[in-house]
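Structural features, examined
Residue-level listing of the chains:
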Amino acid sequence: MSEQAAATKVISDFEATLNKADTKVAEFETRQDTLLDKVRSFLQAYNTAIPVFVLLLSIFVFGFTSGGRFFTANNLSIVFQQVTVIGIIAIAQTIVILTAGIDLSIGAIMVLSSIVMGKLAVHTGLPVPVAVGAGLFAGGAMGYLNGVFVTKLRLPPFIVTLGTLYIFSALKIWYSKSESIRAVDTEKIAPNLIVLGWDVIKVIDKESMWNGATLKLGGVCFILLAALIWYFLNRTAWGRHVYAV
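Throughout what follows, the structure given in this document is the object of discussion. What you are looking at is a predicted structure, and each value in this text was computed from that prediction instead of being measured. (Residues numbered from 1 in each chain as written. Predicted model: local features only at pLDDT ≥ 70, side-chain atom pairs only at ≥ 80, totals over all residues. Heavy atoms only, no water.)

**Concerning a nonpolar patch on the surface**
A grouping of Ile-50, Phe-53, Val-54, Leu-57, Val-61 and Phe-62 is seen on the molecular surface, where their side chains present a nonpolar patch of about 580 Å² in accessible area. Of note, Leu-57 is situated in helix α3 (residues 49–65). Its relative accessible area of 47% is what places Leu-57 among the partly exposed residues. (Patch = residues over 30% accessible without salt bridge, like charges linked within 9 Å, V, L, I, M, F, W, Y side chains within 5 Å. Areas by Shrake-Rupley, 256 points an atom, 1.4 Å probe, with all protein chains shown as cover. Salt bridge = Lys/Arg side-chain N within 4 Å of Asp/Glu carboxyl O. Helix = DSSP H or I, 4+ residues; strand = E, 2+ residues; numbered from the N terminus. Buried < 20%, exposed > 50% of the residue type's maximum accessible area, 1.4 Å probe, protein only.)

**A look at helix α4 (residues 73–98)**
Bending of α4 peaks at approximately 45° at the position of Thr-84. Buried within α4 we find Asn-74, Asn-75, Ser-77, Thr-84, Gly-87, Ile-89, Ile-91 and Gln-93. For α4, the secondary structure elements touched by its buried residues are α5 (106–123), β2 (213–216) and α9 (217–235). Backbone geometry just downstream of α4 places Ala-100 in the positive-phi region, at approximately 65°. (Bend = angle between axes of the 7 residues up to and from the residue. Contact = heavy atoms within 4.5 Å.)

**Notes on the packing of α5 against helix α7 (residues 157–176)**
Close contact between α5 and α7 brings their axes to 9 Å; oriented N to C, the two are set at 20°. Overall, the two elements α5 and α7 adopt an arrangement that is roughly parallel. Note that α5 runs across α7; the crossing there is left-handed. Contact with α5, carried on its side by Ala-108, Ile-109, Val-111, Leu-112, Ile-115, Val-116, Lys-119 and Leu-120, involves Leu-165, Phe-168, Ser-169, Leu-171, Lys-172, Tyr-175 and Ser-176 of α7 and no other residues of that element. (Axes fitted to C-alpha atoms, helices over the stretch in contact; angles between N-to-C directions. Parallel < 35°, antiparallel > 145°, perpendicular 65-115°, else oblique. Left-handed = near helix turned anticlockwise from the far one by under 90°.)

**Quick notes on the packing of aromatic side chains**
In this structure the tally under the stated criterion is 5 aromatic pairs. With centroids separated by 6.2 Å and ring planes inclined at 20°, the aromatic side chains of Phe-60 and Phe-64 adopt a geometry described as stacked. With a gap of 4 residues between them, Phe-60 and Phe-64 both fall in helix α3, about one helical turn apart. Ring geometry for Phe-64 versus Phe-71: centroids 5.3 Å apart, planes at 50°, classification tilted. In this structure Phe-64 comes out as exposed when scored by relative accessible area, which is 59%. Since its relative accessible area comes to 29%, Phe-71 is described here as partly exposed. (Phe/Tyr/Trp six-rings, centres within 6.5 Å; stacked < 30°, edge-to-face > 60°.)

**Describing the pattern of salt bridges**
One pass over the structure, following the stated rule, counts 4 salt bridges. In this structure, Arg-182 and Asp-185 form a salt bridge, with 3.1 Å as the shortest nitrogen-oxygen distance. Residue classification places Arg-182 among the exposed positions, given a relative accessible area of 53%. One salt bridge connects Asp-199 with Lys-216, and the closest N-O pair in it is separated by 2.5 Å. Pair noted here: Asp-199 is in strand β1 (residues 199–203) and Lys-216 is in strand β2, with a separation of 17 residues, a long-range link. Each of Asp-199, Lys-202 and Lys-216 takes part in one network of salt bridges that share partners.

**Overview of the packing of helix α6 (residues 128–151) against α7**
Where α6 contacts α7, the axes come no closer than 9 Å and their chain directions differ by 145°. The way α6 lies across α7 gives a crossing that is right-handed. Contacts between α6 and α7 pair Met-142, Leu-145, Asn-146, Phe-149 and Val-150 from the former with Pro-157, Val-160, Thr-161, Thr-164 and Phe-168 from the latter. A breakdown of the residues in the contact of α6 with α7 according to their chemical character gives 7 nonpolar, 3 polar and no charged. (Nonpolar A, V, L, I, M, F, W, Y, C, P; charged D, E, K, R; others polar.)

This is the structure we're talking about:
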């Protein structure tokens, strides 16, 4: 048999077999994403939402186990007042963390700066604007010292701020002489020093103490500052540069 005849026979055999083959088109079932799949995809796309999710879950779990009293307006306003100072500090710390840094001494800086303001305004009798300016200058100087060690001397920020944490804590004890500034003296001598504690909105329920709510001026400043920093980080070139670092 010649090669051409052999090739013709192979082709004919293939065509005969092909006619017997199944002509159905493959079909694939369309799978709809479940709620769990959508949540998983969202958390993978937005990693920062994970701690927020855990926080909200914890709030609901502990809130309902307390009989629902946690969700009263009075209690929520108290919680908001307690986290206002920490929240403002956390906003500043967020910018540091975005640049792959850390500042362990920020709490000591806050306390020492407030002590400077209080002692100058209450004990020394300086005008409140001068005392506040001195406290801000002291905090800025301590932050500048941390920055010099990190940027100029190229030291790890964790090690630098861990060391300055103990230094600033010691300065706090030395400068204050372990004495507290009484709220009564502050209200009498320098009432403007606690202006952020003034009530902006205060709702009082005479029937139940759990239904009242208070919004302080410091809380309003916290919300405005958070919105402002969000705008700068997400809508300005400076924010892009921070993320790029």
